[in-house]
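So you can see what is in the structure, the chains are spelled out below.
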Amino acid sequence: MTARVGVVLFPGSNCEHDVVEAVEALGAEAEIVWHGAGALPDVDAVVLPGGFAHGDYLRPGAVARFSPVMGAVRDFADGGGPVIGICNGFQVLTEAGLLPGALQKNSGLKFLCTMVNVRVETTNSILTSAAHGGQVLRIPINHFEGNYTCPADTLAELRDQDRVVLRYVDNPNGSTDSIAGVCNEGRNVVGLMPHPERASDALLGSEDGRILLRSLLAHVPALR
Amino acid sequence: MNFQVMEPLAFPIMSPGIHFEVRACRYGGAVKDAVHRALGLTDDEALAVERILGRAPNHLELAMYAVMWSEHCSYKSSRTHLRRLPTEAPHVLVGPGENAGVVDVGDGVAVAVRIESHNHPSAVEPYQGAATGVGGILRDIFTMGARPVALMDSLRFGSLHEARSRWLFEGVVSGISGYGNSVGVPTVGGEVVFDDVYAENPLVNVLCLGVMPTSRLVLGRASGVGNLAVLFGSTTGRDGIGGVSVLASAGFGDAEAEQAKRPSVQVGDPFEEKRLIEACLELLDAGLVVGIQDLGGAGLTCATSETAARGGVGMDVYASEVARRQPGMEPFEVMTSESQERMLAIVTPESLDQVLAVCGRWEVRASVVGTVTHGGRLRILDHPGGDVLADVPASSLHDAAPVYDRPASPPDDLAELRAADPARLPPPADCGQDLLALLADPAWVYRQYDHQLFLNTVEPPGGDAAVLRLKAPGLPKAPLGAPSKALAVSTDGNGRWCALDPRQGTAMNVAESVLNVACVGGRPLALVNCLNFGNPEHPEVMWQLSESIDGMAEACRVLGIPVVGGNVSLYNESRGRDIDPTPVVGVVGLIERLDARPPGVGLAEGGRVLLLGQTVLTLAGSLWALQVRGHRGGTLPPLDLGLHARLTELVRGLVEEGLAVGIHDVSDGGIGVALAEMAVRSGVGFDVGGIGDHAALFSESPSRVVLCSEGHAVEQVGRRAQAAGVPFSEIGVAGGHRLVVQGLVDVGVDQAEAAWRDAIPGALLPA
C-alpha cells in the first residue's frame, strides 16, 4: 500500500516542495496541506517542513502553533500517527508542546548552511528504524535558530528514555548535548534540525537522508 | 511643506534654445526658488517638463518627473552607449528594457535573469540596503511570470583592516542572508572582493534567476480600457522617498550627509515578499491578470506610467485608495514612495473578486487604485471622481527623458599608469608566502546563505560556476530517464583590470565568465551586466563607461552571447574620488545533459596536471601586485577572442565527456592560486614544474585553464587541444601533501588550507 504523506504549508514555509519531491521519489504520495485547514486529509504521516512559518516573527514557531491545522496535527499525533518536524517544523513542534525543549540562536550568532555529520542514537523511532544504531549520516543543516536547549531534568529524561534520536558528530551550533533531533514519549513524533530531503540524491552530494525518510514511509503501512 | 496642487504662476511658453531662467513658483502659498533642483532635476530638465505639459508643472508632477528622469531610472547618461551592445539571438524571448531578460531553454521552459546594484543604499545602511536589493531583484523576476530559483551576489568592499569595511561587509552579508533565506530563494554563488577603492562606496550587485513554463511569460503592460489597476502587497509608507534620485544618482560626501540620507533607504519584509511571490504565481497560473508590474525605484509613478506607456493606454490613479503605513502622507509621497514588497496588477473587472480572493488567502493586502483609460494620459486623482492632482502623458516619463552624450576623455594619468610595469618590482623573497597571502575561502560568506533550497544546487558556491538542475515547482516535469538539463551561472568583475584598460578589461571579464561556465560543462546562453562606475559628469568616467561597453560588445559578438539585460550604477564616488570602473557580468549557460556532478575545482591523487592556454609573463593588474605590493599599474596582456572561443568550446566538451577529474580557470592570483585552490579544496597536493618565476606564477593573462586528468584521458585532452589550436602542456602531477612549484613554492596542504580557510574569519576578529 502506498503511504500518503501530508506536508503542512504555513505562509512562509519554503521546503514543502522539496519534501514532496523527496518522499515521492521513494514511492510515496504526498499532499500539501494548508495551515488554515481544520482537519487533515486522509494521510498516514505528517511532515512539518522547513522555512519561516509566519515569517518567524516573534520567534520561530511561536505564531505557527496557533495555525488551525495544528489542532488536527496534535490529534493525529495523540492517536499515534507519525509526525516529523524538519528544521522550522521542529521549532513549531517545540512551540506547540509536542516535543520538549526549544531552539535558540546558534552559538556563533550566524545563519549556518552546511553539510554536517549526525549519528543515529536510537533506531527506536519512526524516523530511524531503517538505520543502524551509531550510523553516521551526512545531511545538511540550514538554520539560524538550531541550538537545542532544555532544562536539566528534561535532558535527563530524554537520555533515560532513549529519546535523543540524532546527535551532531561535531556540534555546529552549541546544542545541548550535541542534540540534533529528539522524539516524544510515544516515539511517533520526531523533530530534527538537519534536512533529510536535501540529502536525497547523489547529484546533490548525499543520499543519506533517504534512510530517514524511508524509515518514516516503511513505518506507515504497518500502522494502517 | 504643503504640496497641494495650485495653478502655477503665469509663465511664458519658452521656445527651444531660450535660456531657462530660474523663476519663482508658488507652492502651498510659499514662494520657493527652483524646487526642481531640490528634487534632482536640472534647470534644462525642468524646462523640458514644461515644454511637454505646455504649462508649468505643479509640485506633484515635478516630483514624478524628477524620480523618473533620475539617472537610476532613465539611464540618461548611459543610454546612448548601451545601444552598441548586441542583444539578439534566436533563443532570446525578451531582451533589455523589460523587467528581466528571458531566454528559451527548450522543452517549453524559459529562464528569466536580471542583475541589479544596490550600492548606495548598502553604503548608508548595509543590512537593509542589501536586503532590499535582494527583494527588488526577486520582484523583477516573478513579475515576468518566473519563479525565482537562485540568487548570486557580487560584492566589493574596502580592506577588512578598516572597521567601517568590516561593518559594511558583515551587514551586507547578514542582509542578504536574512532576506534571501527567509524569502525562500537560495543564494547559490557570487564573488567577494576587498580593495580600498570600494572603502567608502561598496558594490552590492545581486543577480536573480527564475524559471517558468514558456507559456506563462507575461510582460508588464496595461491593456483594455476600463480594466482595473490593483495594488497589492505591503502598505505605502514614507520609506525610500526619492531613493532613486537622492541616493542612487549622487555620490557620497561626508559622514553627516550620509546619515541624512538614511531615511531614503527602504526597509524590507521578506515574509511579505514570500507571500507576494506565491500569490503572484498563483494569479498568473490561473490567468487572472492581463498585466503585472513590480514597484521598485520611483514606486507607483514608475509602475503606473510604465504599464500604461507600454500598453499604449492611459491610467487614472486614485491617491486615496493607496493603503498607507502612516497618516498625513501627501500625494507626492504616495506616488514616489519606494516602500518594498508591492506589485501592480491590471485585471478585468470580472476577475477582480477572484484576484482579491487569491490575495486574501495569502494574507496579501490588495486594493483597486486605478483604471485603464483611453488617450495615454497618466492622471493622479485625489479620489475616484475627485480633483485631478497631476495630468501628464504617461510615455513622457520614460521616452521623453533626456539623453546625454556627456563629454568623455581618458584619464590624464592613463599613460603613466600603463607605463608603471609591476615587473620592475623586486621579486618575492618567498613565493610560497605570497601565494598563501592570496588565498581566501569565501565559505564564511556563503555558509550564511541557504544555497540548497529546491534541491537543485549540484555545484554549490565556491566553484567556478554554480550548477543548478533545471526544475522547479510548477515546471513541466521531465519524463523519467530523460537526460536532465542544468543551468550554469557565473558572476565576474575585475576593477583592477578595467582601471588599466576598461575596454580590454571588460572583454577579459566577459571571457572569464564564459570560461567559468564552460568549466562546469555549460554553453553560454545569455549575459546580463551591472555597470558600476563613478560620476558621469567626470569625462574620464564617461570614457571608461564608453570603452567598457565597447569591450563588452566586442567580446559578446565574438563569443556569440546576447546581452539580455543590465543595470547601470553611476555616481559611485565619495569625496570626489571615483571607484575603479567595475562592470560586473553574469553569464547563464545551459548544460544539455547532467548525468554526473561536474569535476569541480580539485585534484585527484595520481592524476596529471595539464595547462590549456599559454601564460604571458606580466603582472599588470594582478592580485599579487595589488595585494602583496600595493601596486596598480601596467599594460594588460593581450586577449585573443578567437582563441578564447575555441578554448571555451574545447573545455566544455572535455567536461561533458568526463575527460577531467578536476578543473579550474586561471584568473585572480594566476596559475599559483588556481593550483592552490584545487589543492585545498580536495586535500590533494601537487608537484609541477616549468613555471620560471613569480611573474609566471601570478600572471593573470587570459584564456587559461588548469586540468587534472587521469590515464588515457591525458592523451585525448592533448589531441583535442591540438585539433582546436589551443596550446597544451603537461606541467606536473597531483598527489601527496605538499604544494610544490619547482624552484618557487613548497608548502604543506594543511598550511595552505589553514591560510585559505582563516583568511576572512581571521580578518574579522577584533584586533
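Residues numbered from 1 in each chain as written. Chains lettered and ligands numbered in written order. Predicted model: local features only at pLDDT ≥ 70, side-chain atom pairs only at ≥ 80, totals over all residues. Heavy atoms only, no water.

### Some words on the overall build of chain B
Thought 1: Looking only at helices and strands, chain B has 26 helices and 30 strands in total.
Thought 2: Taken against the 2.2 N^0.38 rule, which gives 27 Å for 767 residues, the C-alpha radius of gyration of chain B at 27 Å falls within 12% of a compact globule.
Thought 3: For chain B, the spread of C-alpha atoms along the three principal axes comes to 80 × 60 × 50 Å.
Thought 4: A fraction of 84% describes how many contacts in chain B between residues 6 or more apart in sequence connect residues 24 or more apart.
Thought 5: With an accessible surface of roughly 25600 Å², chain B has 51% of that area assigned to carbon and sulfur atoms.
Thought 6: Here chain B carries 58 positive and 90 negative side-chain charges, and the mean point of each set is 3 Å from the other. (Helix = DSSP H or I, 4+ residues; strand = E, 2+ residues; numbered from the N terminus. Rg over C-alpha atoms; globule rule 2.2 N^0.38 Å. Contact = heavy atoms within 4.5 Å. Areas by Shrake-Rupley, 256 points an atom, 1.4 Å probe, with all protein chains shown as cover. Lys, Arg positive; Asp, Glu negative; His and termini not counted. Charge placed at Lys NZ, Arg CZ, Asp CG, Glu CD.)

### Focus: the state of the cysteines
Thought 1: The tally for this structure, following the rule as stated, stands at 0 disulfides over all chains.
Thought 2: Take A:Cys87: it sits in no disulfide, and the sulfur closest to it among the cysteines is that of A:Cys15, at 6.7 Å.
Thought 3: With no disulfide of its own, B:Cys208 lies closest to B:Cys280 among cysteine sulfurs, the gap being 14 Å. (Disulfide = S-S within 2.5 Å.)

### Here we look at the packing of helix α19 (residues 502-519) of chain B against helix α22 (residues 641-656) of chain B
All names here are of chain B.
Thought 1: Packing of α19 against α22 brings their axes to within 8 Å, and their N-to-C directions diverge by 15 degrees. Judged on the interaxial angle alone, α22 and α19 are roughly parallel. Between α19 and α22 lies a crossing whose hand is right-handed. In contact with Ala 511, Glu 512, Val 514, Leu 515, Ala 518 and Cys 519 of α19, α22 contributes His 644, Leu 647, Thr 648, Val 651, Arg 652 and Val 655. (Axes fitted to C-alpha atoms, helices over the stretch in contact; angles between N-to-C directions. Parallel < 35°, antiparallel > 145°, perpendicular 65-115°, else oblique. Left-handed = near helix turned anticlockwise from the far one by under 90°.)

### Some details on the sheet that holds strand β6 (residues 147-157) of chain B
Residue and element names in this part refer to chain B.
Thought 1: Strand order in this open sheet of 6 strands is β3-β4-β5-β8-β6-β7, and the pairing throughout is mixed. Of all strands in the sheet, those bounded by a partner on one side alone are β3 (92-94) and β7 (187-194). Direction aside, neighbouring strands of the sheet carry axes that sit 20 degrees apart on average.
Thought 2: Sheet topology places β3 next to strand β4 (residues 101-104); 2 bridges connect them, and they run antiparallel. Note on β4: the bridge partner recorded for Val 94 is Val 102.
Thought 3: Together, β6, β7 and β8 (203-213) form the strand contacts of helix α8 (residues 163-183), whose direction differs from that of β6 by roughly 175 degrees. (Pairing = 2+ DSSP bridges.)

### Describing the nonpolar core
Thought 1: Ranked by internal contacts, the top residues of the largest apolar core, which has 66 residues, are A:Val46, A:Met70 and A:Val73.
Thought 2: Of all the elements, helix α2 (residues 69-78) of chain A adds the most residues to this core, at 6 residues.
Thought 3: In this view, A:Met70 contacts A:Phe10, A:Leu48, A:Ala64, A:Arg65, A:Val92, A:Ala96 and A:Leu98; residues no more than four positions away in its chain are not counted.
Thought 4: Counting 62 residues, the second-largest nonpolar core is a separate cluster that includes B:Ala131, B:Leu138, B:Leu281 and B:Leu284. (Core = buried A, V, L, I, M, F, W, Y, C linked by side-chain atoms within 4.5 Å. Buried < 20%, exposed > 50% of the residue type's maximum accessible area, 1.4 Å probe, protein only.)

Function-wise, these values are silent; they only describe arrangement.
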